[in-house]
Amino acid sequence: MPLLDLANPTRFLALVERLLPWLTGAAALALAAGLILAANAPDDYQQGATVKIMFMHVPSAWLTMGIWALLAIAALGTLVWRHPLADVAAKAATPIGAAFTLICLITGSLWGRPMWGTYWVWDARLTSVLILFLMYLGLMALWRTVEDPSRAGRAAAILTLVGAINLPIIKFSVDWWNTLHQPASVVRLGGPAIHPSILVPLLVMALAFVLLFVTLHLAAMRNEILRRRVRTLMLMQAQAAPGSAP
């Protein structure tokens, strides 16, 4: 199936119906493998067993930024390329991104309490991630406030592109300011600075989180397409009803 054919909602729905069972199984297997590897990973010599919080915190933090980057691409698809499924993808991804951001904030607070002596400090990275979470909530509110999907999609696209300014701030905050977070230790020029016994479970959990997001996102897109079709049918019935305005 050519990629452009997926712009057709009917063909997209057919593809999703074929992919979802496989993606669900792959996500479940990867998550189970990641949890087993994480449970058997050694404790850190300084942080002890609390280091295992990273297996939830780090993948959710990566997805927090990655999903907003996906929203920005979808925003360009809405405003520039007029792709018929761009705003559907954006609306479906927004609550999932908010959920992963909340997981990131909660696990970070639980990890920070034994390491820093407090659940929260207003350093650059924590504050910028909190701002991103509030922007996710703002997008969700915008989608619910504007009834017309096309108008809501354009407004949400503009807000998304403005909010994308926060992504490099989150990424480079540990380099630009003095924060409690350590610099990048996985994706860096000199190679990962984490021992393989920790790195392997972390990467498996990251893969599991990505598969989980893709599964949830495709399912949410399918539901949104069907919801819009029902809305269109209801509007057509209302216009065709006796006594309706011409």
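Scroll up a little and you will see the structure.
Below or above, wherever it landed, is the structure these notes cover. (Residues numbered from 1 in each chain as written. Predicted model: local features only at pLDDT ≥ 70, side-chain atom pairs only at ≥ 80, totals over all residues. Heavy atoms only, no water.)

**Examining the packing of helix α4 (residues 124-145) against helix α5 (residues 149-163)**
Step number 1: Look at α4 against α5: their axes get within 9 Å of each other, and the N-to-C directions meet at 165 degrees. By the angle between their axes, α4 is roughly antiparallel relative to α5. For the pair α4 and α5, the sense of crossing is right-handed. Contacts from M135, G138, L139, L142 and W143 of α4 reach α5 at P149, A152, G153, A155, A156, L159, T160 and G163.
Step number 2: For the contact of α4 with α5, the residue count by class is nine nonpolar, four polar and no charged. (Axes fitted to C-alpha atoms, helices over the stretch in contact; angles between N-to-C directions. Helix = DSSP H or I, 4+ residues; strand = E, 2+ residues; numbered from the N terminus. Parallel < 35°, antiparallel > 145°, perpendicular 65-115°, else oblique. Left-handed = near helix turned anticlockwise from the far one by under 90°. Contact = heavy atoms within 4.5 Å. Nonpolar A, V, L, I, M, F, W, Y, C, P; charged D, E, K, R; others polar.)

**A few points about the pattern of salt bridges**
Step number 1: Taken as a whole and assessed by the stated rule, the structure comprises six salt bridges.
Step number 2: With its nearest N and O atoms 3.8 Å apart, the salt bridge here joins K52 to D43.
Step number 3: Between R228 and D87 there is a salt bridge, with the nearest N and O atoms lying 2.9 Å from each other. With a gap of 141 residues between them, R228 in helix α7 (residues 196-240) and D87 in helix α3 (residues 86-116) connect regions that are remote in the sequence.
Step number 4: Residue classification places R228 among the buried positions, given a relative accessible area of 17%. (Salt bridge = Lys/Arg side-chain N within 4 Å of Asp/Glu carboxyl O. Buried < 20%, exposed > 50% of the residue type's maximum accessible area, 1.4 Å probe, protein only.)

**Digging into α5**
Step number 1: Spanning 15 residues, α5 covers 20 Å between terminal C-alpha atoms, matching the ideal 21 Å at 1.5 Å per step.
Step number 2: Of all the positions in α5, only P149, A152, G153, A156, A157, T160 and G163 are classed as buried. Taken around the axis of α5, the buried residues stretch over an arc of 135 degrees, which confines them to a single face. Exposed side chains of α5 directed beyond 90 degrees from the buried face belong to R151, I158 and V162.
Step number 3: Summarising the contacts, the buried residues of α5 are in contact with α2 (54-79), α3, α4, α6 (166-176) and α7. (Expected span 1.5 Å × (residues − 1). Arc of directions from axis to C-beta.)

**Things to note about α3**
Residue pairs spaced three or four apart in an α-helix point in one direction, given the helix's 3.6 residues per turn.
Step number 1: In this model, α3 (31 residues) spans 42 Å end to end at C-alpha, consistent with the 45 Å of a helix rising 1.5 Å per residue.
Step number 2: Considering bend angle alone, the principal kink of α3 is centred on T94 and spans about 30 degrees; proline P95 follows within four residues of it. (Bend = angle between axes of the 7 residues up to and from the residue.)

**A word on the nonpolar core**
Step number 1: Grouped together as the largest cluster of nonpolar side chains are 39 residues, with contacts concentrated most on M54, F55 and W68.
Step number 2: Among the secondary structure elements, those contributing two or more residues to this core are α2, α3, α4, α5, α6 and α7.
Step number 3: For this core, the element with the highest residue contribution is α2, accounting for nine residues.
Step number 4: Leaving out residues up to four positions away in the same chain, M54 has contacts with P59, W111, I198 and L202.
Step number 5: With 17 residues, the next largest nonpolar core counts F12, A30, A89 and M221 among its residues. (Core = buried A, V, L, I, M, F, W, Y, C linked by side-chain atoms within 4.5 Å.)

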